Amino acid sequence: MTNKNVSLSGERENFGSRLGFILISAGCAIGLGNVWRFPYIVSQYGGAAFILLYLLFLVIFGLPIMTMEFAVGRASQKSIAGSFSALEPKGTKWHLFSWVGMVGNYLLMMFYTVVTAWIFIYFYKMIAGDFQGQTANNINAQFGAVTTNPLLVAIVTMVVVALGVLVCSLGLKKGVEKINKVMMLCLLAIILVLAVYVCTLDGAGEGLKYYLIPDFTKIVYDAQGKFILGKVLFAALGQAFFTLSIGMGSMAIFGSYIKKDRRLLGESVSIALLDTFVAFVAGLIVIPATFVYPVEDAVTGGPGLIFQTLPNIFANIGGGQILGAFFFLFMLFAAMSTVTAVFENIIAFGMDMWGWSRKKSCLINLGLLCVLVLPCIFGFSIWSGFTPLGAGTNIMDLEDFIVSQNVLPLGSLVYVLFCVFDNKAWGWDKFMLEANQGKGLAFPKALKVYCKYILPVLLIIFYVLGIVSKFMPL
């Protein structure tokens, strides 16, 4: 197997700076869930009290797995296409997961690029003033009009795919690193300005109290007095897990591009903190805004929050058109940073597995992805009668279910087992040697028992609960 994912000197490409690595890895983790899920569950489950639970699970659950995925990538110097093959003991079959992980990356982009296209369209609609002076019903209806227009969505989605592939075609440093650094820095600047502006509007104070003041009773009981502690713990654990995009090689690819001068736990902490910061600040925009202009029967989470509730708010507050345009620009940067990061993993797969040049892998995947996005697009229009997970579901829901509740948790389990068991896997000692090379925060040796015996069990329980709650809600 020839590896052409290399520079002219014969060495694998590396990031030009540590900042580039952190921003790109964080860009992969920072996504739409930071905006349409995190603020909602924080405010619903006790404000700052829930954040404390989330941070606890992030430390004991997310950080070890992210560190392991980085270690596999850096030790092998390959993407998921070849990382397990390079490190596994002879005669074992860990490399078979490479195909599962790559299917997960493709499935993710089959619907994520479509949602990114919606954001592009709404960014344009905000600038054009399409929501100004409209009734709430008319604004809500515009979302359905967009999603059920397959030609429009297909064209814009293919533009998204082309832009993502174009960035990757420029190479690691000149394309992925350089452009993602700009997008991430602009994203951070925009959300800070938006948060300050929204928090100074009349009525925002009540929203800040609702979002931030700890209410420990909401962790234990809901408004009707029903005991919900288990549900809250599962929500906190799920947010800590899914927010980092771990389990299908999306972080391993960036681990393969970094040098051995930094310990990997410290890098994981930096990325997790940046991801959490963006999610938290997004809440400072979204939650106070819903108090500034309350929308009747508002959708408080998911796509409905972004594409229906918030446009209603922006249409009825001072400076709302400009505020809305910048909000969707922020969303666009968040989405495109994830798209380009996952595209790099997809493109590197062909380069590492079959020795394709970067140009060849980009061209093949450009054509392939333009076809693969069509089922999700048609699922809102001509194929809307297909409800794979029950009434009210569509093809996007199926794709999301396969990735979020199957590939990610099971993939994380594979990475953990690969890094902790000796003889039949890469093993704990080799993992520790790789993770603790360089300077920075070391991965504690004392965590061996936890990582070997407790963390895998937690992952299995989390996976089973996720499947059960999908079909029998908690």
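Preceding this section is the structure that the text describes.
Below, the structure is looked at part by part. (Residues numbered from 1 in each chain as written. Predicted model: local features only at pLDDT ≥ 70, side-chain atom pairs only at ≥ 80, totals over all residues. Heavy atoms only, no water.)

### Some points on the packing of aromatic side chains
Within this structure, the stated rule accounts for 39 aromatic pairs. Their ring planes at 50° and their centres at 5.5 Å tell us that Tyr210 and Phe291 sit as a pair that is tilted. Highlighted residues: Tyr210 in helix H10 (residues 204-212) and Phe291 in helix H14 (residues 264-292), separated in sequence by 81 residues. Of the residues examined, Tyr210 reaches a relative accessible area of 36% and is grouped as partly exposed. Grouping aromatic residues by their ring pairs yields a cluster made of Trp118, Tyr122, Phe131, Phe143, Phe307, Phe314, Phe327, Phe328, Phe330 and Phe380. (Phe/Tyr/Trp six-rings, centres within 6.5 Å; stacked < 30°, edge-to-face > 60°. Helix = DSSP H or I, 4+ residues; strand = E, 2+ residues; numbered from the N terminus. Buried < 20%, exposed > 50% of the residue type's maximum accessible area, 1.4 Å probe, protein only.)

### Some words on the layout of surface pockets
Each pocket or cavity is described by its volume, and for the second largest pocket that value is around 210 Å³. Around the second largest pocket, the lining is made up of 14 residues, and of these Ser17, Arg18, Ile258, Lys259 and Asp261 lie nearest the centre. Sorting the residues of the lining of the second largest pocket by element identifies helix H1 (18-29) and H14 as the ones contributing at least two each. Its residues assigned to classes, the lining of the second largest pocket shows 5 nonpolar, 2 polar and 7 charged. (1 Å grid on protein atoms, 1.4 Å probe; cavity = no way out; pocket = protein on both sides within 12 Å on 5 of 7 lines; lining within 4 Å. Points joined across faces, edges and corners; volume = space filled by probe spheres on them. Nonpolar A, V, L, I, M, F, W, Y, C, P; charged D, E, K, R; others polar.)

### Some thoughts on unusual backbone geometry
What you tend to see is this: most non-glycine residues have negative phi, and most peptide bonds are trans. The phi torsion at Gln77 lies on the positive side, around 60°, for a residue other than glycine. Judged by its relative accessible area of 26%, Gln77 is partly exposed. Phi is positive for Ser245, which is not a glycine, with a value near 55°. On the basis of relative accessible area, Ser245 is assigned to the buried category, the value being 17%.

### With respect to the environment of Gly427
Position of Gly427 among the secondary structure elements: in the loop between helix H19 (395-420) and helix H20 (428-435). As a C-alpha pair, Gly427 and Leu87 span 340 residues in sequence and 9.6 Å in three-dimensional space. Excluding its chain neighbours within four sequence positions, the residues that come into contact with Gly427 are Phe418, Cys419, Val420, Phe421 and Asp422. (Contact = heavy atoms within 4.5 Å.)

### Overview of the side chain of Glu177
Looking at the secondary structure, you find Glu177 in helix H9 (residues 172-199). Nearest to the buried, unbridged Glu177 among oppositely charged side chains is Lys181, at 4.4 Å. When near neighbours in sequence (up to four residues on either side) are disregarded, Glu177 contacts Phe15, Gly16, Ser17, Gly20, Ile24 and Leu172. (Lys, Arg positive; Asp, Glu negative; His and termini not counted. Salt bridge = Lys/Arg side-chain N within 4 Å of Asp/Glu carboxyl O.)

### Concerning the packing of H19 against helix H21 (residues 448-471)
Axis separation between H19 and H21 bottoms out at 10 Å; the angle between their running directions is 170°. By the angle between their axes, H19 is roughly antiparallel relative to H21. Residues Phe401, Gln405, Asn406, Pro409, Leu410, Ser412, Leu413, Val416, Leu417 and Val420 of H19 form the contact with H21, whose own contacting residues are Cys451, Lys452, Leu455, Pro456, Leu459, Ile460, Phe462, Tyr463, Gly466, Ile467, Lys470 and Phe471. Per-class residue counts for the contact of H19 with H21 are 16 nonpolar, 4 polar and 2 charged. (Axes fitted to C-alpha atoms, helices over the stretch in contact; angles between N-to-C directions. Parallel < 35°, antiparallel > 145°, perpendicular 65-115°, else oblique.)

### Remarks on the environment of Val292
Assignment of secondary structure puts Val292 in helix H14. Each C-alpha atom of the pair Val292 and Asn316 lies 9.5 Å from the other, and the pair is 24 residues apart in sequence. Residues contacting Val292, with those up to four places away along its chain left out, are Leu201, Asp202, Gly203, Ala204 and Ile317.

### Remarks on the nonpolar core
Counting 173 residues, the largest nonpolar core has Trp118, Phe254, Ile306, Phe327 and Phe431 as the members making the most contacts within it. Filtering out sequence-adjacent residues up to four positions away, Trp118 remains in contact with Phe143, Val146, Thr147, Val153, Phe307, Phe380 and Met396. (Core = buried A, V, L, I, M, F, W, Y, C linked by side-chain atoms within 4.5 Å.)

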